[in-house]
Amino acid sequence: AAAVPQSCRASLGELYAEVLRQTEAGELALRLCLPDADDASLAERATALRDWCGGFLFGIGLAGQSIHCELRDDAREVLRDLSEISKLDTAAVAAGEADEVALVELEEYVRVAALLVRDELQAGSGSNHAPE
């Protein structure tokens, strides 16, 4: 923890607090940290979603969660889906209406999936823990 500059730790703490606030506010409040459609190409947004899924899975692993013991089958399936999304070949994404619609639907699925996993892990642990 000492290798992380204080300004980075503060920014990460603020991000954590905001995400926690959003997840506690309910399903409609959670926003994934992804580029806006007006600011990024479809391929850039797909890459960000792919990387978000990888980061989410990494965070769960880093937290040392005993996934197989704590999660129901539907939540484990969601994690498998997120794993597949984290392998997305974003070079194959074409800038078209069909891919745009598919990406928006995938973003919504990932948002709901994150909330499902969060709910499952909270049910197993009974509390929220702030990062150290």
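Residues numbered from 1 in each chain as written. Predicted model: local features only at pLDDT ≥ 70, side-chain atom pairs only at ≥ 80, totals over all residues. Heavy atoms only, no water.

The next point concerns the overall build of the protein chain. Counting its secondary structure elements, the protein chain contains five helices and zero strands. Helices and strands appear in the protein chain in the N-to-C order α-α-α-α-α. Residues counted as buried form 24% of the 132 residues belonging to the protein chain. Excluding contacts between residues fewer than 6 apart, the proportion of contacts in the protein chain whose partners are at least 24 apart in sequence is 74%. (Helix = DSSP H or I, 4+ residues; strand = E, 2+ residues; numbered from the N terminus. Buried < 20%, exposed > 50% of the residue type's maximum accessible area, 1.4 Å probe, protein only. Contact = heavy atoms within 4.5 Å.)

This part is about the nonpolar core. Core analysis: the largest hydrophobic core is formed by 22 residues, its most contacted members being W52, F56, L79, L82, V110 and V117. The set of elements that each furnish at least two residues to this core consists of α2 (42-62), α4 (73-85) and α5 (97-125). Those residues in contact with L82 that lie beyond four places of it in its chain are C53, F56, L57, V110 and A113. (Core = buried A, V, L, I, M, F, W, Y, C linked by side-chain atoms within 4.5 Å.)

This part is about α2. For an α-helix, 3.6 residues make a turn, and residues three or four places apart therefore share a direction. Relative to the 30 Å expected for 21 residues at 1.5 Å per residue, α2 spans 30 Å between its end C-alpha atoms, a close match to the ideal helical length. Two residues or fewer after α2 comes G64, characterised by a positive phi angle close to 75°. (Expected span 1.5 Å × (residues − 1).)

Before going further, it helps to spend a moment on the pattern of salt bridges. Under the defined criterion, the tally for this structure stands at eight salt bridges. In this structure, E84 and K87 form a salt bridge, with 3.4 Å as the shortest nitrogen-oxygen distance. We classify K87 as exposed; its relative accessible area is 56%. A salt bridge links D119 to R118; its shortest N-O distance comes to 2.5 Å. In this structure, a network of salt bridges that share partners links the residues R72, D74 and E120. (Salt bridge = Lys/Arg side-chain N within 4 Å of Asp/Glu carboxyl O.)

With that settled, the discussion passes to the packing of aromatic side chains. Applying the stated criterion to the full structure yields one aromatic pair. Between W52 and F56 the ring centres are 5.2 Å apart and the planes differ by 10°, which places this aromatic pair in the stacked class. Note that W52 and F56 are positioned in helix α2 at a spacing of four residues, about one turn of the helix. (Phe/Tyr/Trp six-rings, centres within 6.5 Å; stacked < 30°, edge-to-face > 60°.)

Glancing now at the confidence of the model for the protein chain. Mean pLDDT over the protein chain stands at 80; residues scoring 70 or higher make up 75%. Per-residue pLDDT, averaged within each element of the protein chain, yields its smallest value for helix α3 (residues 67-70) (61) and its largest for α4 (93). In this model, residues 127-132 is a region of pLDDT below 50 whose contacts with residues beyond four sequence positions or in other chains number eight contacts. (pLDDT = per-residue confidence, 0-100.)

The next subject is the environment of L71. Secondary-structure assignment places L71 in the loop between α3 and α4. Sequence spacing of L71 and A123 is 52 residues, and the spatial spacing of their C-alpha atoms is 9.3 Å.

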